[in-house]
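Chain residues, written in single-letter form:
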Amino acid sequence: MDRPIRVLVAKPGLDGHDRGAKVIARALRDAGMEVIYTGLRQTPEQIVNAAIQEDVDVIAASILSGAHATLLPRISALLKKEDAEDILFVAGGVIPEDDIPELIEKGIKAVFTPGTPTTVTVKFIEENVRK
Amino acid sequence: MFDKDKLPQLKSSLEKYDELTKKMTDKRPERKDVFKSGSGDPVKNVYTPLDIEEFDYSESLGMPGSYPYTRGVQPNMYRGKLWTMRMYAGFATAEESNKRYKYLVEQGSSGLSVAFDLPTQIGYDSDHALAEGEVGKVGVAIDSLKDMEVLFDGIPLDKVSTSMTINAPASVLLAMYIAVGEKQGVSADQLRGTIQNDILKEYIARGTYIFPTEPSMRLITDIFEYCSKEVPQWNTISISGYHIREAGSTAAQEVGFTLADGIAYVEAALKAGLKVDEFAPRLSFFFNSHNDLLEEVAKFRAARRLWAKIMKERFGAENPKSMMLKFHTQTGGSTLTAQQPDNNIIRVTIQTLAAVLGGTQSLHTNSRDEALALPSEDSVRIALRTQQIVGHESGVTNSVDPLAGSYFIEAMTDKIEEEALAYITKIDEIGGAPKAIDNGYIQQEIMDAAYQYQKDIESNDRVVVGVNQYQIKEGPPKGLLRVDLSVGEQQKKQLVDLKASRDNDAVEKTLVALKTACHGTDNLMPYIIDAVKVYATLGEITQVMRDVFGEYQQNVMI
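Residues numbered from 1 in each chain as written. Chains lettered and ligands numbered in written order. Predicted model: local features only at pLDDT ≥ 70, side-chain atom pairs only at ≥ 80, totals over all residues. Heavy atoms only, no water.

J.: Help me out: how do you make sense of the overall build of chain A in this one?
T.: A count of helical and extended segments in chain A gives five helices and five strands. Secondary structure elements of chain A occur, N-terminal to C-terminal, as β-α-β-α-β-α-β-α-β-α. For 131 residues, the compact-globule formula gives about 14 Å, and the C-alpha radius of gyration of chain A, at 13 Å, lands near that figure. Taking the principal axes of the C-alpha coordinates as reference, chain A spans close to 35 × 35 × 25 Å. Looking at chain A as a whole, 58% of its 131 residues qualify as buried. At a minimum sequence separation of 6, the contacts of chain A that also span at least 24 residues come to 71%. Within chain A, one finds 16 positive and 20 negative side-chain charges whose respective centroids are separated by 4 Å. (Helix = DSSP H or I, 4+ residues; strand = E, 2+ residues; numbered from the N terminus. Rg over C-alpha atoms; globule rule 2.2 N^0.38 Å. Buried < 20%, exposed > 50% of the residue type's maximum accessible area, 1.4 Å probe, protein only. Contact = heavy atoms within 4.5 Å. Lys, Arg positive; Asp, Glu negative; His and termini not counted. Charge placed at Lys NZ, Arg CZ, Asp CG, Glu CD.)

J.: How should the interface of chain A and chain B be read in this particular structure?
T.: Facing 37 residues of chain A, the contacting portion of chain B comprises 42 residues. By the criterion of area lost to chain B, the three top residues of chain A are L14, R19 and R26 of chain A, representing 27% of everything that side buries. Between the two partners, chain A and chain B, sit one salt bridge. Note that D448 of chain B and R26 of chain A form a salt bridge whose closest N and O atoms lie 2.8 Å from each other. There are 13 residue pairs in polar contact (both at pLDDT 80 or more) connecting chain A and chain B. Elements represented by at least two residues in the side of chain A that touches chain B include exactly α1 (19-30), β2 (34-37), α3 (68-81) and α5 (118-128) of chain A. Among the elements that take part in the side of chain A that touches chain B, α1 of chain A stands out by supplying eight residues, more than any other. For the side of chain A that touches chain B, a count of residues per class yields 13 nonpolar, twelve polar and twelve charged. (Buried area = accessible area lost by both parts, 1.4 Å probe. Salt bridge = Lys/Arg side-chain N within 4 Å of Asp/Glu carboxyl O. Polar contact = N/O pair within 3.5 Å; in protein donor to acceptor, adjacent residues only side chain to side chain. Nonpolar A, V, L, I, M, F, W, Y, C, P; charged D, E, K, R; others polar.)

J.: Help me understand the nonpolar core in this model?
T.: Nonpolar side chains in soluble globular proteins tend to be buried together. Formed by 171 residues in total, the largest nonpolar core has its most connected members in M148 and W307 of chain B. No other element matches the eleven residues that helix α10 (residues 251-271) of chain B contributes to this core. If we skip the residues at most four places from it in the chain, W307 of chain B touches L259, G262, I263, V266, L283, F285, S322, M323, M324 and L325 of chain B. Within the second largest apolar cluster, 24 residues are counted, among which are A10, F89, I95 and V111 of chain A. (Core = buried A, V, L, I, M, F, W, Y, C linked by side-chain atoms within 4.5 Å.)

J.: So what exactly am I meant to see when it comes to the environment of S171 of chain B here?
T.: Residues and elements named next belong to chain B. Along the chain, S171 turns up in helix α6 (residues 170-184). It is 8.8 Å that separates the C-alpha atoms of S171 and I195, two residues lying 24 residues apart in sequence. Not counting residues within four places of it along the chain, the set of residues in contact with S171 comprises L219, I223, M525, I528 and M545.

J.: Even after reading the chapter, I still don't get helix α18 (residues 441-458) of chain B, so can you show me in this structure?
T.: Each full turn of the α-helix corresponds to 3.6 residues, which orients residues three or four apart in the same direction. All names here are of chain B. With 18 residues, α18 extends 26 Å from end C-alpha to end C-alpha; this agrees with the ideal 26 Å at 1.5 Å per step. When α18 is considered as a whole, its buried residues turn out to be Y441, I442, Q443, I446, M447, A449, A450, Y451, Q454, D456 and I457. At the exit of α18 stands N460, carrying a positive phi of roughly 65°. (Expected span 1.5 Å × (residues − 1).)

J.: Explain the sheet that holds strand β4 (residues 88-93) of chain A here, please?
T.: Residue and element names in this part refer to chain A. The strand order across the open sheet built from five strands is β2-β1-β3-β4-β5, with neighbouring strands paired in parallel fashion. Lying at the two open borders of the sheet, with one neighbouring strand each, are β2 and β5 (110-112). Adjacent strand axes in the sheet meet at a mean angle of 20° when their direction is disregarded. With four bridges joining them, strand β1 (residues 6-10) and β2 adopt parallel strand pairing. Its bridge partner being in β2, R6 is matched across the sheet by E34. Across the sheet, helix α2 (residues 44-53) is in contact with β1 and β3 (58-63); its angle to β1 comes to roughly 165°. (Pairing = 2+ DSSP bridges. Axes fitted to C-alpha atoms, helices over the stretch in contact; angles between N-to-C directions.)

J.: Looking at this structure, how should I read the pattern of salt bridges?
T.: A side chain with one charge may pair with a side chain of the opposite charge, provided their charged atoms come close. Tallied over the entire structure, the rule returns 40 salt bridges over all chains. Here R301 of chain B makes a salt bridge to D401 of chain B, at a shortest N to O gap of 3.1 Å. Of the two residues, R301 of chain B is situated in helix α12 (residues 293-314) and D401 of chain B in the loop between α15 (377-392) and α16 (407-430); the sequence distance between them amounts to 100 residues. Just as R301 of chain B is buried, D401 of chain B falls in that class too. Residue R368 of chain B is joined to D342 of chain B by a salt bridge in which the shortest nitrogen-to-oxygen separation is 3.1 Å. Highlighted residues: R368 of chain B in the loop between β9 (362-364) and α15 and D342 of chain B in the loop between β8 (327-331) and α14 (343-357), separated in sequence by 26 residues. On the accessibility criterion, D342 of chain B (47% relative accessible area) is partly exposed. Residues joined in a network through salt bridges with shared partners are R3, D55, D57, D86 and R130 of chain A.

J.: What should I look at first to understand the sheet that holds strand β4 (residues 192-195) of chain B in this one?
T.: Working definition: the strands of a sheet are paired by backbone hydrogen bonds and lie parallel or antiparallel to each other. All names here are of chain B. With respect to topology, nine strands assemble into an open sheet ordered β5-β4-β3-β2-β1-β9-β8-β7-β6, the strand pairing being parallel. Because the sheet does not close on itself, it has two edges, and the strands there are β5 (234-235) and β6 (237-240). Direction of pairing for strand β7 (residues 283-289) relative to β8: parallel, over a ladder of five bridges. The residue of β8 that forms the bridge with N288 is Q330. Along the sheet, α6 contacts β3 (161-165), β4 and β5; its crossing angle with β3, the most-contacted strand, is approximately 155°.

J.: How should the side chain of R546 of chain B be read in this particular structure?
T.: Residues and elements named next belong to chain B. Within the fold, R546 resides in helix α22 (residues 538-549). Overall, R546 belongs to the buried group, its relative accessible area being 5%. Side-chain polar atoms of R546 contact the side chain of Y124, separated by 3.5 Å. Within the structure, the side chain of R546 is placed 3.2 Å from the side chain of E551, a separation counted as a polar contact. Dropping the residues within four chain positions of it, R546 is found in contact with I122, G123, Y124, I210, F211 and E551.

J.: Sorry, what's going on with helix α3 (residues 94-106) of chain B here?
T.: Residue and element names in this part refer to chain B. With 13 residues, α3 extends 18 Å from end C-alpha to end C-alpha; this agrees with the ideal 18 Å at 1.5 Å per step. Turning to α3, its buried residues are A94, S97, N98, R100, Y101, Y103 and L104. Those residues of α3 that are buried lie in contact with β1 (84-89), β2 (111-115), α5 (145-151) and α15. After α3 finishes, the residue G108 shows a positive phi value of roughly 105°.

Structure follows, in structure tokens:
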């Protein structure tokens, strides 16, 4: 790619815990990516619209409220509907191990749980983003 | 305090000591170039009277229960009674949560602490589109007085004290609590408890805000005023550093930003015409307890001393109760690891000791599985037992403020007070906490500290056991609590039933009255109480206020 990777860091749902989202946003920025942060309380529709309008390569959604099983698959379904599945969709937060296979099946490309070094997320994005 | 004549002598022996240790460390370097506290402040190898040269016992400490309350707000502290063991709990429906409360009381928990789900905290009923997937997840779903009646069924409100973690719609939930009390035959003046009611830290760190700053401050001062007359035993606010710390702040920032918020509330109440000694005795605080035991103890002591000075010197308080910083503590959720979750029991034990040695009035201990899910019953019991063991077996409760007089503790207490005061001065220059939040100063300072913390972990400058050292291969954790999606459906159905069975004309009438009051200057509490009593829902009441007050717009930054 001849331009930096563009990432939308998103907070879906009503969850107000944004420390993780902001730390990831800074780490991605320090890794040379362009980062847009949505702020809190975004609906899946708002997130997908923002991703398309901002022409991002990646959506990184952070969720700690337990609503991941409802909200994350809705984002991937909307990406499909908008024919934007080439946007790499990853998520992180307090998400039980048992829930991850279903999320992956529904189109979330990776789920990063607490304690994951930011370097792991950076590397995953660099290796899997559309080329 | 110290014999000034002997200090030069001490200075020279310290120099000798420094030479000696230098010779030693030249040969064999220490484990780290710089030793840092949990908050990242450099810590010296040894502390002596030279670090607290100006220390004056009466001025710096005083006796426990006396100004400036450094040593504690009560004269005999835990010799009289232990702190209130207050476990934060709530999930799924009111019925489920009611069972958990009864279990906790049976196990020796001495106060209730209600966790509400996010829709409730943001003023949406369970059938709101934005509530989808969130109902009953991080706390109990409360849509109307009906749910609240179930939540406290069989729990006599004149016997327990109840803390409710509710902020933007605090007035509505307090109104419901008053109404439940009334149905149980308990008058408002017998009710004891706390509402969090701290909107400023929601803007800073926690995120469950609804209304803009000005109407939010009005709701808060309305509650101060109403409770000072009608619910005199109620703590009307819990000014919270907890979430500021969880968002990544240092210990000194936690104190500085929290007390700056406190100053803003006092100023708002004074501006609304209240007298400082009328409402200040009911102000309470809420702090975090992290792993650096000594730094945390110093933090609690510094917060108490600084607040006492602020209330006395800045606001001219005369009632000693207005100067006492009473606080609840919760152990640090963000210090817990998803890796090897049983290790969290040990972290929580250290944090419990810090809170107790720091003189807390009540404590919630986190459960080992909180980095993974809501706590299971077994995990909650261990967390509660941790408090009971520290309280009854460790011996630290026998004497008041037993760490006082330690050169290290006193030096650290001075330092945290000084740094916190510098933040308060800076915020005063910006024009007060609400302005320093609007322009993002406070959030940015916290975020800088949070990012540094993460970098320290990734560079292995900071060891987190099980995360960046001593890792093992683990299977997925067992026995996690799961909240069923059917909770949302159940709540929705109950709302339909409620709206079909209540007196809708009465609801309409109270909501119209509330709307008119919102436009005017009357105290809103009586109007809200009227509305909840006829079963207007939380969402309906909040919507009226949204229509009049508008919504807060977050300053988005990274």
